[in-house]
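One letter stands for each residue in the lines below.
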Amino acid sequence: MSLLDRSLEINPKTVRAYTTKGMISITQENWLKAKENYEKALELNPNDATTHHYYAIYHSMKPEADYKKALEHINIAQILNPYFSSINVTRIYLLLKNDKIIEADEFYMNNNSFFTEKTNSIMRNDLITYKAKKICTEKKDWKEIIKIYHRAIEEDSQNAEMYRRLSEAYKEILIDAENYLKYAEKAYKLDSIGWKNAISYFNSLIKNKNFDAAKKLLQSKNFKSIFNEELEFKYLFYWYYHQGDYKKATESLDKYNYENHFEFAINLAQQNKVMETYQILNNDVLKKFEKAIVFAILKERDSMYYYIDKEKDIFYIQEFNAFNEVDPYRKEERYKAFLKNNYLPITHWNE
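Residues numbered from 1 in each chain as written. Predicted model: local features only at pLDDT ≥ 70, side-chain atom pairs only at ≥ 80, totals over all residues. Heavy atoms only, no water.

**Overview of the overall build of the chain**
Summing up its helical and strand segments, the chain has 22 helices and zero strands in all. In terms of overall dimensions, the chain is globule-like: its C-alpha atoms have a radius of gyration of 21 Å, near the 20 Å expected for 351 residues. C-alpha atoms of the chain, sized along the principal axes, occupy 60 × 50 × 45 Å. Within the chain, buried positions represent 51% of all 351 residues. (Helix = DSSP H or I, 4+ residues; strand = E, 2+ residues; numbered from the N terminus. Rg over C-alpha atoms; globule rule 2.2 N^0.38 Å. Buried < 20%, exposed > 50% of the residue type's maximum accessible area, 1.4 Å probe, protein only.)

**A short note on the packing of helix α10 (residues 160-173) against helix α11 (residues 177-190)**
Their axes nearest at 8 Å, the elements α10 and α11 cross at an angle of 165°. The angle between α10 and α11 places the two elements in the roughly antiparallel class. Crossing of α10 against α11: the hand is left-handed. Counting all contacts with α10, which are made through Ala-160, Tyr-163, Arg-164, Leu-166, Ser-167, Glu-168, Tyr-170 and Lys-171, the residues of α11 involved are Asn-179, Tyr-180, Tyr-183, Ala-184, Lys-186, Ala-187 and Leu-190. Tallied by class, residues from the contact of α10 with α11 come to nine nonpolar, two polar and four charged. (Axes fitted to C-alpha atoms, helices over the stretch in contact; angles between N-to-C directions. Parallel < 35°, antiparallel > 145°, perpendicular 65-115°, else oblique. Left-handed = near helix turned anticlockwise from the far one by under 90°. Contact = heavy atoms within 4.5 Å. Nonpolar A, V, L, I, M, F, W, Y, C, P; charged D, E, K, R; others polar.)

**A short note on the nonpolar core**
In terms of nonpolar packing, the biggest core is built from 95 residues, with Ile-145, Phe-202, Ile-266, Val-294, Met-304 and Phe-320 touching the most fellow members. Here this core gets eight residues from one element, more than from any other, and that element is helix α15 (residues 229-241). Ile-26, Trp-31, Ala-34 and Leu-42 belong to the second largest nonpolar core, which has seven residues in total. (Core = buried A, V, L, I, M, F, W, Y, C linked by side-chain atoms within 4.5 Å.)

**Thoughts on helix α4 (residues 49-61)**
With 13 residues, α4 ought to run about 18 Å at 1.5 Å a step, and its terminal C-alpha atoms sit 19 Å apart, in line with that. Those residues of α4 that fall on the buried side of the exposure criterion are Ala-49, Thr-51, His-52, His-53, Tyr-55, Ala-56, Ile-57, Tyr-58, His-59 and Ser-60. Looking at the packing, one finds that the buried side of α4 touches α2 (15-27), α3 (31-44), α5 (67-80) and α6 (85-97). (Expected span 1.5 Å × (residues − 1).)

**Quick notes on the packing of aromatic side chains**
Summed over all chains, the structure comprises 29 aromatic pairs. Ring geometry for Tyr-55 against Tyr-58: centres 5.5 Å apart, planes inclined by 25°, an arrangement best described as stacked. One end of the pair, Tyr-55, and the other, Tyr-58, are both in helix α4, three residues apart, so they sit about a helical turn from each other. Accessibility assignment for this pair places Tyr-55 and Tyr-58 in one class, buried. For the pair Phe-295 and Tyr-307, a centre-to-centre distance of 5.7 Å together with 5° between the ring planes defines the contact as stacked. Placement of the pair is Phe-295 in helix α19 (residues 288-297) and Tyr-307 in helix α20 (residues 301-310), with a sequence separation of 12 residues. You can call Phe-295 buried: its relative accessible area is 5%. (Phe/Tyr/Trp six-rings, centres within 6.5 Å; stacked < 30°, edge-to-face > 60°.)

**Description of the pattern of salt bridges**
Counted by the stated rule, this structure contains 27 salt bridges. In this structure, the salt-bridge partner of Glu-39 is Lys-35, at a minimum N-O distance of 2.7 Å. Placement of the pair is Glu-39 and Lys-35 together in helix α3, with a separation of four residues, close to one helical turn. Exposure remark for Lys-35: the relative accessible area of 31% places this residue in the partly exposed category. One salt bridge connects Glu-333 with Lys-336, and the closest N-O pair in it is separated by 3.3 Å. One end of the pair is Glu-333 and the other is Lys-336, both in helix α22 (residues 333-341) and three residues apart, which spans about a single turn. What makes Lys-336 buried here is its relative accessible area of 17%. Where salt bridges share partners, they join Asp-126, Glu-161, Arg-164 and Arg-165 into one cluster. (Salt bridge = Lys/Arg side-chain N within 4 Å of Asp/Glu carboxyl O.)

**Brief notes about unusual backbone geometry**
A positive phi angle, close to 55°, is found at Lys-140, a residue other than glycine. If you trace the backbone, Lys-140 turns up in the loop between α8 (117-139) and α9 (144-155). Unlike most non-glycine residues, Lys-209 shows phi in positive territory, near 60°. With respect to the secondary-structure elements, Lys-209 resides in the loop between α12 (195-207) and α13 (211-218).

**Here's the deal with the side chain of Asn-342**
Its location among the elements puts Asn-342 in the segment after α22. Relative accessible area serves as the criterion here: at 16%, Asn-342 is assigned to the buried category. If near-sequence neighbours (up to four positions away) are discounted, Asn-342 is found in contact with Trp-142, Ile-314 and Ile-317.

What follows is the structure in structure tokens.
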């Protein structure tokens, strides 16, 4: 029996135990169980700020994300505990997700004294990204964000995170592997202990099929100091996966003791194990863009287009666009229409 279950055996009305069980369920991607635990916690104490905070995170992270509902809960949490920096950070993030950019900016300016220097840096970068999103949407052209990131770097040449975001923009918007690697490497050199920088650099090496350098990075002391051994197995999975060694990829994934629904789904799909793949698809544990990628591998183009057309988060849409798995569809008129509808450019990949 776990200590959480023991605490509930002693006192079934222990609110924090249910909140903690909900948090654990999120890490396991058991969304139904997470919801049950948070609702039980709020039934016991509707005014618990921590429960509202993590219930907001649940709504923002679940496959069918509900950012409006998430904002409702984080607003309650912030009223109940207005000086807790973690709640304030989450509120800014959810305001941005709800396209309330001006409100997010004002809230940040009024509350940034609660944040650490690192958190302030993250928040400033997020505000740049979401202000850029507004500009790109108004201009109906996502190439603009690359110009905006370059200007931000001109103003702060040591901003590693902005180099990383620039690298991802080149990958997702222009499918430009060379500049993806160039700027991901720059971000990593500026801040080699930042886990996002390490992942982007690793992925950019994989994207450029530089597997030897990717393996060397994966085995480096620096990488091992950032990630625990289990996370190394997750990225080792991708190292094998992108070389088509799906058996070794499976072996690596089996050593990673967290839920890996998407990784298992794409690996099964690549092996044409349709029944096993559909077991994951039907469990509703994948985001819409993830389902679209799986269907792309299965060569079920109607389902691929159906799910990517249902995806409303533009950043997930861009992430989908960067996957090698959709390469066979890029020249299709239907794919070009998808790009135009989302203000993404037609490039040489589509000709």
